[in-house]
Amino acid sequence: QVQLVESGGGLVQAGGSLRLSCAASGRTFSSNAMGWFRQAPGKEREFVAAISWSGTSTWYAESVKGRFTISRDKAKNTGYLQMNSLKPEDTAVYYCATTFRRSLSGYRLAGDYDYWGQGTQVTVSS
């Protein structure tokens, strides 16, 4: 029903910035929220940020507060994750996701989401 494609990942030096994009297609009118997760080798997928598709509510992991900003452009059916002051520990594959369901926990759980993108690699050098 919904297809998501991430882009914008790459190699950046510590302290630098990167903007990830998540282009959505399909039945996006029924989406309730979009989220970003990341996963490093040997670690479980962890929550990064989420936004209601209306843009009225946002949620962030404590580790990225003040550095990352989630946003969306409804006209372009695209979500964004602006990442500033990047640290080596931010290195991971970043995934965007969307859900048709309502979450009671701030869309912080991977199980809250219905569709996922293919992921984009973000590497931060020290």
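In this report, the structure presented in the accompanying data block is examined. Note that the structure is a prediction, hence the values are computed from the model and not measured.

**With respect to the overall build of the protein chain**
So, step 1. Scanning the protein chain for helices and strands turns up zero helices and 11 strands.
So, step 2. Taken from N to C terminus, the helices and strands of the protein chain fall in the order β-β-β-β-β-β-β-β-β-β-β.
So, step 3. For 126 residues, the compact-globule formula gives about 14 Å, and the C-alpha radius of gyration of the protein chain, at 13 Å, lands near that figure.
So, step 4. With the C-alpha coordinates of the protein chain rotated into their principal frame, the extents come out at 40 × 30 × 25 Å.
So, step 5. Within the span of the protein chain, comprising 126 residues, buried residues form 44% of the whole.
So, step 6. Partitioning the intrachain contacts of the protein chain with sequence separation of at least 6 by distance along the chain shows that 57% fall at a separation of at least 24.
So, step 7. Total accessible area on the protein chain stands at roughly 6300 Å², and carbon and sulfur atoms take up 49% of it.
So, step 8. Side-chain charges of the protein chain comprise 14 positive and 9 negative groups, with the mean position of each set lying 6 Å from the other.

**Brief notes about the packing of aromatic side chains**
To describe a pair of aromatic rings, one takes the distance between the centres and the angle between the planes.
So, step 1. Applying the stated rule across the entire model yields seven aromatic pairs.
So, step 2. Measuring from centroid to centroid gives 5.7 Å for Phe 37 and Phe 47, while their planes differ by 75 degrees, and the two rings are edge-to-face. Of this pair, Phe 37 sits in strand 4 (residues 33-39) while Phe 47 sits in strand 5 (residues 46-52), placing them 10 residues apart in sequence. Phe 47 carries the same exposure label as Phe 37, and that label is buried.
So, step 3. With 5.3 Å between their ring centres and 80 degrees between their planes, Phe 37 and Tyr 113 make a pair best called edge-to-face. Taken together, the residues Phe 37 in strand 4 and Tyr 113 in the loop between strand 9 (92-99) and strand 10 (115-116) connect sequence positions 76 residues apart.
So, step 4. Each member of the aromatic cluster is reached from another via a ring pair, and the members are Phe 37, Phe 47, Trp 59, Tyr 107, Tyr 113 and Trp 116.
So, step 5. Sitting above the plane of the Tyr 95 ring, Arg 45 keeps its charged end 4.0 Å from the centroid.
So, step 6. Stacked on the ring of Trp 116, the Lys or Arg Arg 45 has its end atom at 4.8 Å from the ring centre.

**A few points about the side chain of Asp 90**
So, step 1. Here Asp 90 shows up in the loop between strand 8 (78-83) and strand 9.
So, step 2. Polar side-chain contacts of Asp 90 include one of 2.8 Å to the backbone nitrogen of Lys 87.
So, step 3. Setting aside its immediate chain neighbours within four residues, Asp 90 contacts Arg 38, Arg 67, Phe 68, Ser 85, Val 122 and Val 124.

**Re the pairing of strand 1 (residues 2-7)**
So, step 1. The two faces of strand 1 differ: Val 2, Leu 4 and Glu 6 on one face are buried, but Gln 3, Val 5 and Ser 7 on the other face are not.
So, step 2. Pairing of strand 1 with strand 3 (residues 18-26) involves six bridges; the strand directions are antiparallel. If you follow Glu 6 over to strand 3, its bridge partner there is Cys 22.

What counts, and at which threshold
- Residues numbered from 1 in each chain as written.
- Predicted model: local features only at pLDDT ≥ 70, side-chain atom pairs only at ≥ 80, totals over all residues.
- Heavy atoms only, no water.
- Helix = DSSP H or I, 4+ residues; strand = E, 2+ residues; numbered from the N terminus.
- Rg over C-alpha atoms; globule rule 2.2 N^0.38 Å.
- Buried < 20%, exposed > 50% of the residue type's maximum accessible area, 1.4 Å probe, protein only.
- Contact = heavy atoms within 4.5 Å.
- Areas by Shrake-Rupley, 256 points an atom, 1.4 Å probe, with all protein chains shown as cover.
- Lys, Arg positive; Asp, Glu negative; His and termini not counted.
- Charge placed at Lys NZ, Arg CZ, Asp CG, Glu CD.
- Phe/Tyr/Trp six-rings, centres within 6.5 Å; stacked < 30°, edge-to-face > 60°.
- Lys NZ or Arg CZ within 6 Å of the ring centre and 35° of its normal.
- Polar contact = N/O pair within 3.5 Å; in protein donor to acceptor, adjacent residues only side chain to side chain.
- Pairing = 2+ DSSP bridges.

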